[in-house]
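A look at the structure
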Amino acid sequence: MTVGNEPVLCVDVGNTNVRFGLVSEEEVRETGTLLTEKLIANPDNFFALLPREAKASAFCSVVPAADAIVQEALQAVAPPPSFRLTHETCGNLPVRYPDPARAGQDRLANALAARTLYGTPAIVLDVGTAATFDVVTTEHGYEGGVIVPGPQVLLECLKDRTAFLPRVPLPDTPPSEAIGRSTPEAMIIGLTHGFPAMIRGILEQIKPSLTRIENGKVKVILTGGGAFRVGELAATSDPDLTLKGIALAFWAEERA
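So, here's what we can say about the structure. This structure is a prediction, so every number in the text was calculated from the model and none was measured. (Residues numbered from 1 in each chain as written. Predicted model: local features only at pLDDT ≥ 70, side-chain atom pairs only at ≥ 80, totals over all residues. Heavy atoms only, no water.)

1. Looking at the overall build of the protein
When you go through the protein residue by residue, the secondary structure sums to seven helices and ten strands. Compactness check: the protein gives a C-alpha radius of gyration of 19 Å against a globular reference of 18 Å for 256 residues, within 12% of the reference. With the C-alpha coordinates of the protein rotated into their principal frame, the extents come out at 60 × 50 × 35 Å. Per-residue burial for the protein yields a buried fraction of 46% across its 256 residues. In the protein, the share of contacts with a sequence separation of at least 24, taken over all contacts with a separation of at least 6, comes to 58%. Taken as a whole, the protein presents about 12400 Å² of accessible surface, with 51% of it coming from carbon and sulfur. Positive and negative side-chain charges in the protein, numbering 22 and 30 respectively, have mean positions lying 5 Å apart. (Helix = DSSP H or I, 4+ residues; strand = E, 2+ residues; numbered from the N terminus. Rg over C-alpha atoms; globule rule 2.2 N^0.38 Å. Buried < 20%, exposed > 50% of the residue type's maximum accessible area, 1.4 Å probe, protein only. Contact = heavy atoms within 4.5 Å. Areas by Shrake-Rupley, 256 points an atom, 1.4 Å probe, with all protein chains shown as cover. Lys, Arg positive; Asp, Glu negative; His and termini not counted. Charge placed at Lys NZ, Arg CZ, Asp CG, Glu CD.)

As structure tokens, then:
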């Protein structure tokens, strides 16, 4: 990976979770996760969790309420002002998007890491609160993509929009039956079969469009903390893709 030898403390602030880790040329280590709502409610807890070895820090965020908290904590751990990945500071990644400022910073980090580390054309599938599909080409870089609800959001929507359906957590193991014998079981079976089918259907629509833009075998790269039963749809799985993208953008800025 084209980054410096000194580890960079990288933070990805998402709608549900904040993920952090030390990124160097060799590895991503000392990773951790904290609920975003807990970060905002108790910034001291976030500060206490951060590793102390880094000489520099970098982050991206899709939660404006967390931005100042993260910047303050990172500057306390690694005194130089922290680098922030935006559409203007995403390394050598071209952004072919009508309004680049509205592209999610995590999506740009994913696209940069995919392009640099795995090659193009590529589709990054990031499953979390939302499931995002980000299309990356050699000539135009970040092209755009697709957004759908993530698996937990789908379950929460059923609970919130109905009178009697319960709150059901994501299961650790898939159900053995195809027919639910209780309401929670029926909901889990629907998600178990329905969510991967939705992901597969979207990929089947995107791939022909991408091959019309650019020749070559399309790589599908999976990342995110909520990758619910869709692993077989991706040739590559990289849970640290976003943190690597943040580090790559940081080092590109340092070299500029």
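2. Focus on the layout of surface pockets
Quantified by volume, the largest pocket comes out at close to 720 Å³. Around the largest pocket, the lining is made up of 29 residues, and of these Asp126, Val127, Gly128, Thr129 and Gly225 lie nearest the centre. Taken together, the elements giving at least two residues each to the lining of the largest pocket come down to strand E2 (17-23), helix H4 (105-117), strand E6 (122-127), strand E7 (130-137), helix H5 (151-160) and helix H7 (241-255). At three residues, H5 tops the list of elements feeding residues into the lining of the largest pocket. (1 Å grid on protein atoms, 1.4 Å probe; cavity = no way out; pocket = protein on both sides within 12 Å on 5 of 7 lines; lining within 4 Å. Points joined across faces, edges and corners; volume = space filled by probe spheres on them.)

3. Some words on the nonpolar core
Of all hydrophobic cores here, the largest spans 31 residues; its most connected members are Cys10, Leu85, Leu93, Ile246 and Phe250. Broken down by secondary-structure element, the contributors of at least two residues to this core are strand E1 (8-13), strand E4 (56-61), H4, E6 and H7. When residues in this core are grouped by element, the largest group, eight residues, is from H7. Phe250 has contacts with Val8, Ala56, Ser57, Ala58 and Phe83, leaving out every residue within four places of it along the chain. (Core = buried A, V, L, I, M, F, W, Y, C linked by side-chain atoms within 4.5 Å.)

4. Some thoughts on the packing of aromatic side chains
Taken as a whole, this structure holds four aromatic pairs when the rule is applied. Judged by centre distance (5.9 Å) and plane angle (75°), the rings of Phe83 and Phe250 are edge-to-face. Of the two residues, Phe83 sits in strand E5 (residues 83-84) while Phe250 sits in helix H7, which places them 167 residues apart along the sequence. There is no split in this pair, since Phe83 and Phe250 are both buried. Between the aromatic rings of Tyr97 and Tyr142, the centroid separation amounts to 5.6 Å while the plane-to-plane angle is 45°, which identifies the pairing as tilted. (Phe/Tyr/Trp six-rings, centres within 6.5 Å; stacked < 30°, edge-to-face > 60°.)

5. Some thoughts on the sheet that holds strand E9 (residues 219-223)
Paired through backbone hydrogen bonds, the strands of a sheet run either parallel or antiparallel to each other. With mixed pairing, five strands are arranged side by side in an open sheet as E8-E7-E6-E9-E10. Bordering the open sheet on either side are strand E8 (141-149) and strand E10 (236-237), each of which pairs with just one other strand. Bridging between E7 and E8 involves eight bridges; their strand directions are antiparallel. Looking at the pairing, Ala131 lines up with Val148 of E8. Relative to E7, helix H6 (residues 183-213) is tilted by about 15°, and along the sheet it contacts E6, E7, E8 and E9. (Pairing = 2+ DSSP bridges. Axes fitted to C-alpha atoms, helices over the stretch in contact; angles between N-to-C directions.)

6. Points about the pattern of salt bridges
A complete count under the given rule lists ten salt bridges for this structure. Between Glu30 and Arg29 there is a salt bridge, with the nearest N and O atoms lying 3.3 Å from each other. Accessibility expressed as a relative area gives 26% for Arg29, which makes it partly exposed. Among the ionic pairs, Arg200 bridges to Glu232, the shortest N-O distance being 3.9 Å. Here Glu232 lies in the loop between E9 and E10 and Arg200 lies in helix H6, a separation of 32 residues in the sequence. For Arg200, a relative accessible area of 34% translates into the label partly exposed. Members of the salt-bridge network, linked through shared partners, are Glu27, Arg29, Glu30 and Glu53. (Salt bridge = Lys/Arg side-chain N within 4 Å of Asp/Glu carboxyl O.)

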